[in-house]
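Coordinates in review
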Amino acid sequence: MDKQRVAFLIDGGGRLLSALPAARAVLAQRLAALMPTQQFTVAIARGNGVELAPGTPAAATRANTAAALRWFTERSAPGGTPDLGAALESVWRALEPDAICVIARGAPTPLRTAARSANATLLSTADRLNPTTTDGSRFATFLCVELVETSADGALRALGERHGGSNGYLLLDRATLGLAPMRSRNQPAGNISK
């Protein structure tokens, strides 16, 4: 609660589709925790760009946070592979946040080349924008919330731990979210007897 400018950056890439309700729930919870004296913005990174909620940065009044959540619900259709590093840069310019919450769905296998990964430039961009001071602290604190599963590249965990300490990373896995476990490709859909 000592933070004054809070940014929410949501990875709106195609993988988010199955985790949209969870992303919305996390965003709603975090927005509800803000005080009217704080400033906030919500950004969706999708494809080649980033989109900020209209009217933000704004004071975190109940009306403003509700409007931002409605906007996210309407605009959150996932697509493409975003560059989260570039998105963070845009959010930083817009608000100069002292707290950043990154919400993304984990990618358990490296399906993309590193050059096309959403996380490829995220950690280096955060290190550049939010360097350590002489006493080892950083201006901004990060919380990285990973949904469904942990990413194979470990970038969100590394970012959260490096820029947010022991409370900087949170995994909300399938069990926590109440999602059915993944079936292997060789596992039958169910026992159907004739």
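Residues numbered from 1 in each chain as written. Predicted model: local features only at pLDDT ≥ 70, side-chain atom pairs only at ≥ 80, totals over all residues. Heavy atoms only, no water.

Points about the overall build of the protein chain
Summing up its helical and strand segments, the protein chain has six helices and seven strands in all. Going from the N terminus to the C terminus, the protein chain shows its helices and strands as β-α-β-β-β-α-α-β-α-β-α-β-α. Here the protein chain holds 194 residues, and 42% of them are scored as buried. Within the protein chain, residue pairs in contact and separated by at least 24 positions form 77% of the contacts whose partners lie at least 6 positions apart. (Helix = DSSP H or I, 4+ residues; strand = E, 2+ residues; numbered from the N terminus. Buried < 20%, exposed > 50% of the residue type's maximum accessible area, 1.4 Å probe, protein only. Contact = heavy atoms within 4.5 Å.)

Re the pattern of salt bridges
Applying the stated criterion to the full structure yields six salt bridges. Arg 162 is the salt-bridge partner of Asp 127, the closest N and O atoms lying 2.4 Å from each other. Placement of the pair is Asp 127 in helix H4 (residues 122-129) and Arg 162 in helix H5 (residues 155-164), with a sequence separation of 35 residues. Between Glu 161 and Arg 157 there is a salt bridge; the shortest N-O distance is 3.5 Å. With Glu 161 and Arg 157 both in helix H5 and four residues apart, this pair spans about one turn of that helix. Among the residues examined, Glu 161 registers a relative accessible area of 42% and is labelled partly exposed. Sharing partners across several salt bridges, the network here consists of Arg 46, Glu 51 and Arg 75. (Salt bridge = Lys/Arg side-chain N within 4 Å of Asp/Glu carboxyl O.)

Let's talk about the pairing of strand S1 (residues 5-11)
Counting buried residues along S1, six of its seven residues qualify, which places the element largely inside the surrounding structure. Sheet analysis places S1 next to strand S2 (residues 39-46), joined by seven bridges and oriented parallel. Residue Ile 10 lies in a different strand from S2, and its bridge partner there is Ile 44. The pairing of S1 with strand S5 (residues 99-105) spans five bridges and is classified as parallel. The residue of S5 that forms the bridge with Val 6 is Ala 99. (Pairing = 2+ DSSP bridges.)

Some points on the environment of Ile 44
When you line up the elements, Ile 44 lands in strand S2. Ile 44 gets classed as buried once you look at its relative accessible area, which sits at 1%. For Ile 44, the residues in contact, after removing those within four places along its chain, are Ile 10, Gly 12, Gly 49, Val 50, Glu 51, Trp 71, Phe 72, Arg 75 and Ser 76.

Observations concerning the nonpolar core
Grouped together as the largest cluster of nonpolar side chains are 30 residues, with contacts concentrated most on Phe 8, Leu 27, Phe 40, Val 42, Ile 103 and Leu 147. Broken down by secondary-structure element, the contributors of at least two residues to this core are S1, helix H1 (20-32), S2, helix H2 (62-75), S5 and strand S6 (141-148). With six residues, the single largest contributor to this core is H1. (Core = buried A, V, L, I, M, F, W, Y, C linked by side-chain atoms within 4.5 Å.)

Digging into the confidence of the model for the protein chain
For the protein chain, per-residue confidence averages 86 on the pLDDT scale, and residues scoring 70 or more make up 85% of the total. Element-level pLDDT for the protein chain is lowest in helix H6 (residues 174-177), with a mean of 78, against a maximum mean of 97 in strand S4 (residues 58-59). Low pLDDT, under 50, characterises residues 112-116; the predicted model gives this stretch six contacts beyond four residues in sequence or across chains. Across residues 189-194, confidence stays below pLDDT 50; counting only partners more than four residues off in sequence or on other chains, it has one contact. (pLDDT = per-residue confidence, 0-100.)

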